[in-house]
Each structure stands twice: as C-alpha cells, then as structure tokens.
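Chains, contacts and geometry: an overview
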Amino acid sequence: MAFTPIDIHVEYELLHNLSIYKYARDVLMPPAVDYFKYTLKVQSKGSISIFDETSLCDLEVNERYLEYPIKGDLIILMTADSHPDATYVAYAEPCGIASNGRPLVAHVFINTAQINPDDEDLNEHTNYYIQVMLHELIHALGFSSAFFPSYPGAEYDNVTY
C-alpha cells in the first residue's frame, strides 16, 4: 500500500455556537490541517467507518456517522465550551484507534473562555491560536505520553516522560 498525504476530515457539527463554528471552520483549522496534509504521509484506508471503530470520544454524534463511511484518514470531532477557571486554550485526544494502533478518530476541544470569536482583539491572537491547533492536532495524531508504550519498538519499564 502506497503512502499518500494524510486526509484529515474535521467535523464542526458539534460546535453549537455559530461564532466559534465559523472561526474554527474558516480560520483556525484550514491552515493547521493543510500543514499536516503537506508534511505527513500515511497508508490511507480511504474512508473510515466509525461503526467499526472502538469509540466516538464519549460524544453524542449524528447517527449518520454510524451508518456511512467518512472519507479521510483521521476524523476530528470538534467541540467548544467556556471554562473560565481553566488556563488551557484547547485540548485534544485520540479516541478511535485502529487495530494497528493509529488514531482514526480524535476529539479537539476549544475553551471559548480563552478563544472568543466575539473578542475585539481576536485578530491579534489568530496566529497564536492556529499554532495551538497545530499542537492539538499533534496530540490527535497520537503524539502524547499515553501512546508512548504503543510506539513500534517501545519497551518502557522505568521511563519518565
């Protein structure tokens, strides 16, 4: 099977706030997704049938995801909410894992207390927020300490990370 540029499919349907929906869809995610499209190649499955996968990230999603394959190598389910006491801008976690250990489905959460599309100063911080999304997509791709033991050749007994 040949290696092809990764096809990351982002689902915005779970973003119930129209402002953050548009900001994520039109501003934040396209450059982050494009970065990986041009730098990362994978052995593509072509499409993902979530019904066959292990998890939907503990999120309530549209039943169509369970019935029809989605074109892509990684599906990102985006959510957002305001957590004013939290200092994080966003977080991500892979949650649908293929039999070979590669993430197929991931959840990316945006803290709207930190990224507020209605903020007058938003444009000043957009480049930073795009960098945050790049960072979170790295976690969505499985680059996190939770996945270290599953990396090929990894034998961790007393490793600190």
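Anything mentioned here points back to the structure above.
Reference entry: report on the structure contained in this document. (Residues numbered from 1 in each chain as written. Predicted model: local features only at pLDDT ≥ 70, side-chain atom pairs only at ≥ 80, totals over all residues. Heavy atoms only, no water.)

Focus: the nonpolar core
Cut-off, in case you're wondering: For this analysis, a nonpolar core means a set of buried residues of the types Ala, Val, Leu, Ile, Met, Phe, Trp, Tyr and Cys, connected via side-chain atoms within 4.5 Å. Think of it in three bands: with a 1.4 Å probe and only protein chains considered, a residue is buried below 20% of the maximum accessible area for its type, exposed above 50%, and partly exposed in between. Comment: elements are numbered from the N terminus, with helices defined as DSSP H or I runs of at least four residues and strands as E runs of at least two. We call two residues in contact when some of their heavy atoms are within 4.5 Å.
Within the largest apolar cluster, 32 residues are counted, with the highest numbers of intra-cluster contacts made by Ile76, Met78, Ile115 and Met133. Those elements that provide at least two residues to this core are β2 (8-11), α1 (18-39), β6 (74-81), β7 (90-97), β8 (103-111) and α3 (122-140). Top contributing element to this core by residue count: α1, with eight residues. If we ignore the near neighbours within four places in the chain, the residues touching Ile76 are Ile8, His9, Val10, Glu11, Ala106, Val108, Leu137 and Ala140. Judged by nonpolar contacts, the second largest core, of nine residues, contains Ile70, Ile75, Leu77 and Val105.

A look at the environment of Asp118
Spelled out, the test is: Polar contact is defined as a pair of N or O atoms within 3.5 Å, subject to the rule that within protein one atom must be able to donate a hydrogen and the other to accept it, and that residues adjacent in sequence are counted only when both atoms are side-chain atoms.
As for its placement among the helices and strands, Asp118 is situated in the loop between β8 and α3. On the basis of relative accessible area, Asp118 is assigned to the exposed category, the value being 56%. The spacing of Asp118 and Ile20 is 98 residues in sequence and 8.6 Å in space, taken between C-alpha atoms. A polar atom in the side chain of Asp118 sits 3.1 Å from the side chain of Ser19.

A look at the environment of Ile138
Along the chain, Ile138 falls in helix α3. Separated by 44 residues in sequence, Ile138 and Pro94 place their C-alpha atoms 9.9 Å apart. Setting aside its immediate chain neighbours within four residues, Ile138 contacts Phe36 and Phe143.

Notes on α3
Heads up, the condition is: The angle between axes fitted to the seven-residue stretch ending at a residue and the seven-residue stretch beginning at it gives the bend at that residue.
The sharpest bend along α3 comes to roughly 30°, located at Tyr128. Of all the residues in α3, the buried ones are Leu122, Thr126, Tyr129, Ile130, Val132, Met133, Glu136, Leu137 and Ala140. Where α3 is buried, its residues touch α1, β6, β7 and β8. Downstream of α3 by a residue or two, Gly142 has a phi angle that is positive, lying close to 105°.

Concerning the packing of α1 against α3
Going by this rule: Between N-to-C directions, angles cover 0 to 180 degrees, with each direction set by a line fitted to C-alpha atoms, over the stretch in contact for helices. Our angle categories are set so that under 35 degrees counts as roughly parallel, over 145 as roughly antiparallel, 65 to 115 as roughly perpendicular, and the remainder as oblique. With the far helix as reference, a near helix turned anticlockwise by less than a right angle produces a left-handed crossing, and one turned clockwise produces a right-handed crossing. All residues other than Ala, Val, Leu, Ile, Met, Phe, Trp, Tyr, Cys, Pro, Asp, Glu, Lys and Arg, Gly among them, are scored as polar; the first ten of these are nonpolar and the last four charged.
The interhelical angle for the contact between α1 and α3, taken along N-to-C directions, is 50°, at an axis separation of 9 Å. Accordingly, the angle class assigned to the pair α1 and α3 is oblique. Note on packing geometry: the crossing formed by α1 with α3 is right-handed. Counting all contacts with α1, which are made through Tyr23, Val27, Leu28, Met29, Pro31, Ala32, Val33, Tyr35 and Phe36, the residues of α3 involved are Leu122, Thr126, Tyr129, Ile130, Met133, Leu134, Leu137 and Ile138. Residues that form the contact of α1 with α3 fall into these classes: 16 nonpolar, one polar and no charged.

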